[in-house]
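Analysis of the macromolecular model
So the chains spell out like this:
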Amino acid sequence: MRFFARITLAAVACAAASAVGAPAHAVAPGAAGAVAFARDGNIHVRAEDGTTSQVTRDGLSSWPRWSPKDASQLAYVHAGDLWLANIYENGEVSRWQVTHGRHASGPAWSPDARWLAFLDGGYLYRVRVGFDQNATVTAAEPLARDAGPSNLRESRSVAWSPDGTLIAYPGTGCDGIHDDCLTVLNLTTNAETTLGVHGGGGALPGYSTTPAFTADGSRVLWTTQRETGDGQTWTPVQVNSANPTGGDYRLVGDDGDAQPAPSPAGDALLVVAKRDGANWIVLVRADGTRQPLIRGTQPDWQVL
(Lines give C-alpha, C1' and ligand atoms only; values in the text may rest on other atoms or scores of the structure.)
Protein backbone atom coordinates (compact mmCIF):
# COMPACT_ATOMS: atom_id res chain seq x y z
CA MET A 1 0.00 0.00 0.00
CA ARG A 2 1.36 3.40 -0.97
CA PHE A 3 1.60 6.28 1.49
CA PHE A 4 -0.13 9.40 0.25
CA ALA A 5 1.11 12.77 1.44
CA ARG A 6 -0.96 15.88 0.87
CA ILE A 7 0.46 18.98 -0.76
CA THR A 8 -0.91 22.36 -1.70
CA LEU A 9 -1.55 23.36 -5.29
CA ALA A 10 1.42 25.72 -5.06
CA ALA A 11 3.70 22.70 -4.81
CA VAL A 12 2.13 21.21 -7.95
CA ALA A 13 2.38 24.50 -9.81
CA CYS A 14 6.03 24.83 -8.88
CA ALA A 15 6.97 21.26 -9.77
CA ALA A 16 8.28 22.28 -13.17
CA ALA A 17 10.55 24.87 -11.63
CA SER A 18 12.32 22.26 -9.55
CA ALA A 19 15.22 20.49 -11.20
CA VAL A 20 14.69 17.52 -8.91
CA GLY A 21 12.43 14.97 -10.58
CA ALA A 22 11.45 17.26 -13.46
CA PRO A 23 11.37 15.30 -16.73
CA ALA A 24 13.50 16.33 -19.67
CA HIS A 25 10.41 16.60 -21.84
CA ALA A 26 8.81 19.42 -19.81
CA VAL A 27 7.40 22.17 -22.03
CA ALA A 28 6.39 25.76 -21.44
CA PRO A 29 2.75 26.23 -20.35
CA GLY A 30 0.28 28.44 -22.19
CA ALA A 31 -2.38 30.91 -21.10
CA ALA A 32 -5.77 29.84 -19.73
CA GLY A 33 -8.99 30.91 -21.41
CA ALA A 34 -12.61 29.80 -21.21
CA VAL A 35 -13.77 26.66 -19.40
CA ALA A 36 -15.84 24.02 -21.17
CA PHE A 37 -17.93 21.73 -19.01
CA ALA A 38 -20.86 19.31 -18.96
CA ARG A 39 -24.17 19.90 -17.20
CA ASP A 40 -27.47 18.03 -17.49
CA GLY A 41 -26.26 16.13 -20.56
CA ASN A 42 -25.13 19.18 -22.52
CA ILE A 43 -21.89 21.04 -23.22
CA HIS A 44 -21.48 24.59 -21.96
CA VAL A 45 -18.71 27.18 -22.03
CA ARG A 46 -17.93 29.67 -19.27
CA ALA A 47 -16.05 32.66 -20.68
CA GLU A 48 -13.33 34.47 -18.75
CA ASP A 49 -15.81 37.22 -17.84
CA GLY A 50 -18.16 34.68 -16.25
CA THR A 51 -20.78 34.62 -19.00
CA THR A 52 -21.91 31.20 -20.22
CA SER A 53 -23.11 29.78 -23.50
CA GLN A 54 -24.58 26.40 -24.43
CA VAL A 55 -22.95 24.36 -27.20
CA THR A 56 -25.28 21.34 -27.36
CA ARG A 57 -28.96 20.88 -26.51
CA ASP A 58 -29.52 17.18 -27.09
CA GLY A 59 -29.08 15.97 -23.51
CA LEU A 60 -26.68 13.23 -24.66
CA SER A 61 -23.32 15.03 -24.64
CA SER A 62 -20.35 14.89 -22.25
CA TRP A 63 -16.58 15.24 -21.85
CA PRO A 64 -15.78 18.49 -23.73
CA ARG A 65 -12.10 18.89 -24.57
CA TRP A 66 -10.59 22.00 -26.20
CA SER A 67 -8.27 21.64 -29.17
CA PRO A 68 -4.72 22.63 -28.19
CA LYS A 69 -4.26 24.37 -31.55
CA ASP A 70 -7.66 25.93 -32.25
CA ALA A 71 -9.25 27.86 -29.38
CA SER A 72 -12.64 27.73 -31.13
CA GLN A 73 -12.83 23.93 -31.46
CA LEU A 74 -14.09 21.34 -28.97
CA ALA A 75 -14.13 17.55 -29.08
CA TYR A 76 -16.86 15.87 -27.06
CA VAL A 77 -18.84 12.65 -26.70
CA HIS A 78 -22.38 12.49 -28.10
CA ALA A 79 -24.40 9.29 -27.65
CA GLY A 80 -21.17 7.28 -27.43
CA ASP A 81 -19.39 8.75 -30.45
CA LEU A 82 -16.80 11.51 -30.74
CA TRP A 83 -17.90 14.77 -32.31
CA LEU A 84 -16.21 18.09 -33.00
CA ALA A 85 -17.76 21.52 -32.58
CA ASN A 86 -16.49 24.84 -33.92
CA ILE A 87 -17.72 27.80 -31.88
CA TYR A 88 -17.75 31.08 -33.80
CA GLU A 89 -17.57 34.61 -32.42
CA ASN A 90 -21.18 35.28 -33.44
CA GLY A 91 -22.33 32.38 -31.28
CA GLU A 92 -23.02 29.97 -34.12
CA VAL A 93 -21.79 26.38 -33.77
CA SER A 94 -20.93 23.88 -36.49
CA ARG A 95 -20.59 20.18 -35.63
CA TRP A 96 -19.41 17.03 -37.32
CA GLN A 97 -19.08 13.40 -36.33
CA VAL A 98 -15.64 11.77 -35.94
CA THR A 99 -16.42 8.16 -34.95
CA HIS A 100 -19.42 5.94 -35.72
CA GLY A 101 -20.95 3.20 -33.59
CA ARG A 102 -18.56 3.64 -30.70
CA HIS A 103 -18.86 3.70 -26.90
CA ALA A 104 -16.16 6.31 -26.43
CA SER A 105 -14.75 7.63 -23.21
CA GLY A 106 -13.78 11.21 -22.63
CA PRO A 107 -11.22 11.98 -25.37
CA ALA A 108 -7.79 13.57 -25.33
CA TRP A 109 -6.18 15.61 -28.10
CA SER A 110 -2.64 15.01 -29.24
CA PRO A 111 -0.58 18.19 -28.76
CA ASP A 112 -0.50 18.79 -32.53
CA ALA A 113 -4.31 18.38 -32.69
CA ARG A 114 -4.04 15.73 -35.41
CA TRP A 115 -5.33 12.84 -33.27
CA LEU A 116 -7.91 12.08 -30.61
CA ALA A 117 -7.35 9.25 -28.14
CA PHE A 118 -10.22 7.49 -26.37
CA LEU A 119 -11.22 4.27 -24.63
CA ASP A 120 -13.83 1.92 -26.06
CA GLY A 121 -14.67 -1.46 -24.56
CA GLY A 122 -11.41 -1.64 -22.62
CA TYR A 123 -9.23 -0.79 -25.63
CA LEU A 124 -7.34 2.44 -26.16
CA TYR A 125 -7.71 3.94 -29.64
CA ARG A 126 -6.57 6.96 -31.54
CA VAL A 127 -8.44 8.41 -34.49
CA ARG A 128 -7.07 10.88 -37.01
CA VAL A 129 -9.23 13.98 -36.88
CA GLY A 130 -11.14 14.25 -40.15
CA PHE A 131 -10.78 10.57 -41.00
CA ASP A 132 -12.90 7.51 -40.14
CA GLN A 133 -10.00 5.06 -39.85
CA ASN A 134 -9.29 4.16 -36.23
CA ALA A 135 -5.81 2.98 -35.23
CA THR A 136 -5.40 0.87 -32.12
CA VAL A 137 -2.78 2.35 -29.81
CA THR A 138 -2.70 -0.48 -27.32
CA ALA A 139 -4.95 -3.25 -26.04
CA ALA A 140 -6.13 -3.44 -22.44
CA GLU A 141 -8.29 -5.87 -20.53
CA PRO A 142 -12.04 -5.15 -20.80
CA LEU A 143 -13.14 -2.70 -18.12
CA ALA A 144 -15.21 -4.64 -15.56
CA ARG A 145 -15.73 -2.73 -12.35
CA ASP A 146 -18.00 -3.68 -9.48
CA ALA A 147 -20.46 -1.15 -8.14
CA GLY A 148 -18.62 1.25 -5.83
CA PRO A 149 -19.55 3.87 -3.29
CA SER A 150 -19.17 6.68 -5.80
CA ASN A 151 -20.37 6.77 -9.42
CA LEU A 152 -17.12 8.55 -10.27
CA ARG A 153 -15.74 5.02 -10.49
CA GLU A 154 -17.37 4.74 -13.91
CA SER A 155 -16.06 8.09 -15.17
CA ARG A 156 -13.73 7.24 -18.02
CA SER A 157 -11.46 9.69 -19.76
CA VAL A 158 -7.89 9.74 -21.04
CA ALA A 159 -5.11 12.35 -21.10
CA TRP A 160 -2.31 13.04 -23.58
CA SER A 161 0.94 14.55 -22.29
CA PRO A 162 1.96 18.02 -23.55
CA ASP A 163 5.00 16.61 -25.38
CA GLY A 164 2.92 13.93 -27.11
CA THR A 165 4.85 10.91 -25.80
CA LEU A 166 2.48 9.66 -23.07
CA ILE A 167 -1.19 8.74 -22.76
CA ALA A 168 -2.73 8.13 -19.33
CA TYR A 169 -5.88 6.05 -19.07
CA PRO A 170 -7.86 4.03 -16.48
CA GLY A 171 -8.08 0.28 -16.88
CA THR A 172 -7.82 -3.16 -15.36
CA GLY A 173 -4.76 -4.72 -17.04
CA CYS A 174 -2.44 -3.44 -14.31
CA ASP A 175 0.52 -5.76 -14.98
CA GLY A 176 -1.74 -8.75 -14.35
CA ILE A 177 -1.43 -8.12 -10.61
CA HIS A 178 -3.98 -5.53 -9.58
CA ASP A 179 -7.72 -5.25 -10.17
CA ASP A 180 -7.73 -1.58 -11.11
CA CYS A 181 -5.17 1.10 -11.82
CA LEU A 182 -4.23 4.12 -13.85
CA THR A 183 -1.82 3.34 -16.69
CA VAL A 184 0.62 5.67 -18.45
CA LEU A 185 1.57 4.41 -21.91
CA ASN A 186 4.82 5.59 -23.51
CA LEU A 187 4.05 5.87 -27.23
CA THR A 188 7.75 5.84 -28.12
CA THR A 189 8.78 2.67 -26.28
CA ASN A 190 5.34 1.05 -25.81
CA ALA A 191 6.24 0.65 -22.12
CA GLU A 192 3.49 0.99 -19.54
CA THR A 193 3.69 2.40 -16.02
CA THR A 194 0.90 1.67 -13.56
CA LEU A 195 -0.13 4.37 -11.09
CA GLY A 196 -2.74 4.34 -8.34
CA VAL A 197 -3.05 0.55 -8.17
CA HIS A 198 -6.00 -1.07 -6.38
CA GLY A 199 -6.84 -4.63 -5.36
CA GLY A 200 -4.48 -7.57 -5.68
CA GLY A 201 -0.81 -7.64 -4.78
CA GLY A 202 -1.55 -6.34 -1.30
CA ALA A 203 -3.23 -3.14 -2.55
CA LEU A 204 -6.58 -2.10 -1.13
CA PRO A 205 -9.66 -2.15 -3.41
CA GLY A 206 -10.46 1.12 -5.14
CA TYR A 207 -10.27 2.94 -8.45
CA SER A 208 -8.26 5.64 -10.23
CA THR A 209 -9.69 7.56 -13.19
CA THR A 210 -10.04 10.94 -15.00
CA PRO A 211 -6.30 11.60 -15.47
CA ALA A 212 -4.86 14.98 -16.44
CA PHE A 213 -1.29 16.15 -17.04
CA THR A 214 0.04 19.40 -15.62
CA ALA A 215 0.89 22.05 -18.20
CA ASP A 216 4.59 21.18 -18.15
CA GLY A 217 3.97 17.41 -18.17
CA SER A 218 5.86 16.87 -14.94
CA ARG A 219 2.92 15.31 -13.06
CA VAL A 220 -0.27 13.34 -13.61
CA LEU A 221 -3.36 14.15 -11.54
CA TRP A 222 -6.40 11.90 -11.23
CA THR A 223 -9.52 11.04 -9.22
CA THR A 224 -9.17 8.20 -6.74
CA GLN A 225 -11.02 6.43 -3.95
CA ARG A 226 -10.16 3.28 -1.99
CA GLU A 227 -11.18 1.13 0.93
CA THR A 228 -9.78 2.13 4.31
CA GLY A 229 -8.76 -1.45 5.14
CA ASP A 230 -11.65 -2.56 7.31
CA GLY A 231 -13.56 -4.04 4.37
CA GLN A 232 -16.55 -1.76 4.99
CA THR A 233 -15.68 1.92 4.69
CA TRP A 234 -14.06 3.98 1.95
CA THR A 235 -11.95 7.10 1.92
CA PRO A 236 -13.49 10.28 0.50
CA VAL A 237 -13.06 10.87 -3.20
CA GLN A 238 -9.70 12.59 -3.62
CA VAL A 239 -7.33 14.01 -6.25
CA ASN A 240 -4.01 12.20 -6.34
CA SER A 241 -0.86 13.08 -8.26
CA ALA A 242 2.44 11.45 -9.15
CA ASN A 243 5.33 11.59 -11.57
CA PRO A 244 4.37 10.04 -14.94
CA THR A 245 7.04 7.39 -14.38
CA GLY A 246 5.68 6.59 -10.90
CA GLY A 247 6.71 7.79 -7.46
CA ASP A 248 6.25 10.92 -5.35
CA TYR A 249 2.56 10.28 -4.77
CA ARG A 250 0.77 13.32 -3.34
CA LEU A 251 -2.85 14.20 -2.58
CA VAL A 252 -3.94 17.59 -3.93
CA GLY A 253 -6.78 19.84 -2.79
CA ASP A 254 -9.55 18.88 -0.36
CA ASP A 255 -11.37 15.65 0.35
CA GLY A 256 -14.28 15.34 -2.07
CA ASP A 257 -12.43 16.96 -4.99
CA ALA A 258 -12.58 15.09 -8.31
CA GLN A 259 -11.99 15.41 -12.07
CA PRO A 260 -8.90 17.67 -11.92
CA ALA A 261 -8.15 20.05 -14.78
CA PRO A 262 -4.80 21.88 -14.36
CA SER A 263 -4.55 25.38 -15.80
CA PRO A 264 -2.55 25.72 -19.04
CA ALA A 265 -0.71 28.53 -17.24
CA GLY A 266 0.39 26.13 -14.50
CA ASP A 267 -0.88 28.35 -11.67
CA ALA A 268 -4.31 26.94 -10.77
CA LEU A 269 -6.52 23.88 -10.86
CA LEU A 270 -10.17 23.20 -11.61
CA VAL A 271 -11.88 20.43 -9.64
CA VAL A 272 -15.44 19.17 -9.25
CA ALA A 273 -16.75 19.27 -5.67
CA LYS A 274 -20.12 18.97 -3.98
CA ARG A 275 -21.82 22.21 -2.93
CA ASP A 276 -25.33 22.18 -1.46
CA GLY A 277 -25.78 18.67 -2.82
CA ALA A 278 -24.84 19.58 -6.41
CA ASN A 279 -21.66 19.20 -8.43
CA TRP A 280 -19.81 22.47 -8.84
CA ILE A 281 -16.66 23.37 -10.75
CA VAL A 282 -14.30 25.01 -8.28
CA LEU A 283 -11.21 27.09 -9.03
CA VAL A 284 -8.33 26.24 -6.68
CA ARG A 285 -5.59 28.84 -6.75
CA ALA A 286 -1.92 28.26 -6.01
CA ASP A 287 -2.31 29.78 -2.54
CA GLY A 288 -5.01 27.23 -1.73
CA THR A 289 -7.97 29.62 -1.89
CA ARG A 290 -11.08 28.22 -3.55
CA GLN A 291 -13.76 29.88 -5.70
CA PRO A 292 -16.91 28.06 -6.87
CA LEU A 293 -17.39 28.97 -10.52
CA ILE A 294 -20.46 27.23 -11.85
CA ARG A 295 -22.55 24.10 -11.49
CA GLY A 296 -21.23 21.32 -13.71
CA THR A 297 -18.71 18.51 -14.19
CA GLN A 298 -15.91 17.36 -16.54
CA PRO A 299 -14.19 20.77 -16.88
CA ASP A 300 -11.50 21.55 -19.43
CA TRP A 301 -9.50 24.74 -19.83
CA GLN A 302 -9.09 26.48 -23.18
CA VAL A 303 -5.46 27.10 -24.20
CA LEU A 304 -4.81 30.60 -25.56
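Here the structure is shown first, and the text comes after it.
Residues numbered from 1 in each chain as written. Predicted model: local features only at pLDDT ≥ 70, side-chain atom pairs only at ≥ 80, totals over all residues. Heavy atoms only, no water.

**Looking at the overall build of the protein**
Inclusion rule: The helix count covers DSSP runs of H or I at least four residues long, the strand count covers runs of E at least two residues long, and both are numbered beginning at the N terminus. Think of it in three bands: residues with accessible area under 20% of the maximum for their type are buried, residues over 50% are exposed, and the middle band is partly exposed, with areas taken using a 1.4 Å probe on protein chains only. It only takes one pair of heavy atoms within 4.5 Å for two residues to be counted as in contact. Here the Shrake-Rupley method, with its probe set to 1.4 Å, supplies the accessible areas, and only the displayed protein chains count as covering residues.
Across its full length, the protein carries one helix and 25 strands. In the protein, buried positions account for 52% of the 304 residues. In the protein, 46% of the contacts between residues at least 6 apart in sequence involve partners at least 24 apart. When the accessible surface of the protein is totalled, it reaches about 13,000 Å², and 48% of it is carbon and sulfur.

**Quick word on the pairing of strand S10 (residues 115–120)**
As a reminder, the rule being used: Note on pairing: two strands pair once DSSP finds at least 2 bridges between them.
With six of six residues buried, S10 is to be regarded as a mostly interior element. Residue alternation in S10 divides its side chains into two sets, Trp-115, Ala-117 and Leu-119 and Leu-116, Phe-118 and Asp-120, and both sets are buried. Between strand S9 (residues 108–109) and S10, which follow one another and run antiparallel, lie five residues, and Ala-113 among them has a positive phi close to 65 degrees. Inspection of the sheet shows S10 paired to strand S11 (residues 123–128) by six bridges, in the antiparallel sense. The residue bridging Phe-118 from the neighbouring strand is Tyr-125, located in S11. Counting the residues in the hairpin turn of S10 and S11 gives two residues, including Gly-121, whose phi is positive at 60 degrees.

**Looking at the sheet that holds strand S7 (residues 81–87)**
Applicable threshold: As a rule, the C-alpha atoms of each element are fitted with a line to give its axis, helices using only the stretch in contact, and angles between N-to-C directions run from 0 to 180 degrees.
Reading across the sheet, the four strands line up as S5-S6-S7-S8 and stay open at both edges, with antiparallel pairing between neighbours. With one partner strand each, in any of the chains shown, strand S5 (61–66) and strand S8 (93–97) form the two edges of the open sheet. The mean inter-strand angle of the sheet, taken between neighbouring strand axes irrespective of direction, is 25 degrees.

**Let's talk about the packing of aromatic side chains**
Definition in use: Pairing of aromatic side chains requires ring centres within 6.5 Å, counting the rings of Phe and Tyr and the six-membered ring of Trp. Pairs whose planes differ by under 30 degrees are stacked, by over 60 edge-to-face, and all others tilted. A ring is considered to have a charge above it if a Lys NZ or an Arg CZ atom is located within 6 Å of its centre and within 35 degrees of its normal.
One pass over the structure, following the stated rule, counts two aromatic pairs. A centroid spacing of 5.6 Å and a plane angle of 20 degrees characterise the contact between Phe-118 and Tyr-125, whose relative ring orientation is stacked. Accessibility expressed as a relative area gives 15% for Tyr-125, which makes it buried. With a centroid separation of 6.2 Å and an interplanar angle of 90 degrees, the aromatic rings of Trp-222 and Tyr-249 are classed as edge-to-face. Of this pair, Trp-222 sits in strand S18 (residues 220–226) while Tyr-249 is found in the loop between strand S19 (238–242) and strand S20 (250–252), placing the two residues 27 residues apart along the sequence. Note on accessibility: Trp-222 and Tyr-249 belong to one class, buried. Above the face of the Tyr-125 ring, Arg-102 is positioned so that its terminal group lies 4.3 Å from the ring centre. The ring of Trp-115 carries the charged tip of Arg-126 above its face, separated from the ring centre by 4.5 Å.

**Things to note about unusual backbone geometry**
Generally, phi is negative for residues other than glycine and the peptide bonds are trans, each holding for most cases. The phi angle at Thr-210 is positive, at roughly 50 degrees, despite the residue not being glycine. Relative accessible area serves as the criterion here: at 3%, Thr-210 is assigned to the buried category. For Gln-298, which is not a glycine, the phi torsion comes out positive at approximately 55 degrees. Within the element layout of this structure, Gln-298 appears in strand S25 (residues 297–303). Residue Gln-298 is classed as buried on the basis of its relative accessible area, which comes to 12%.

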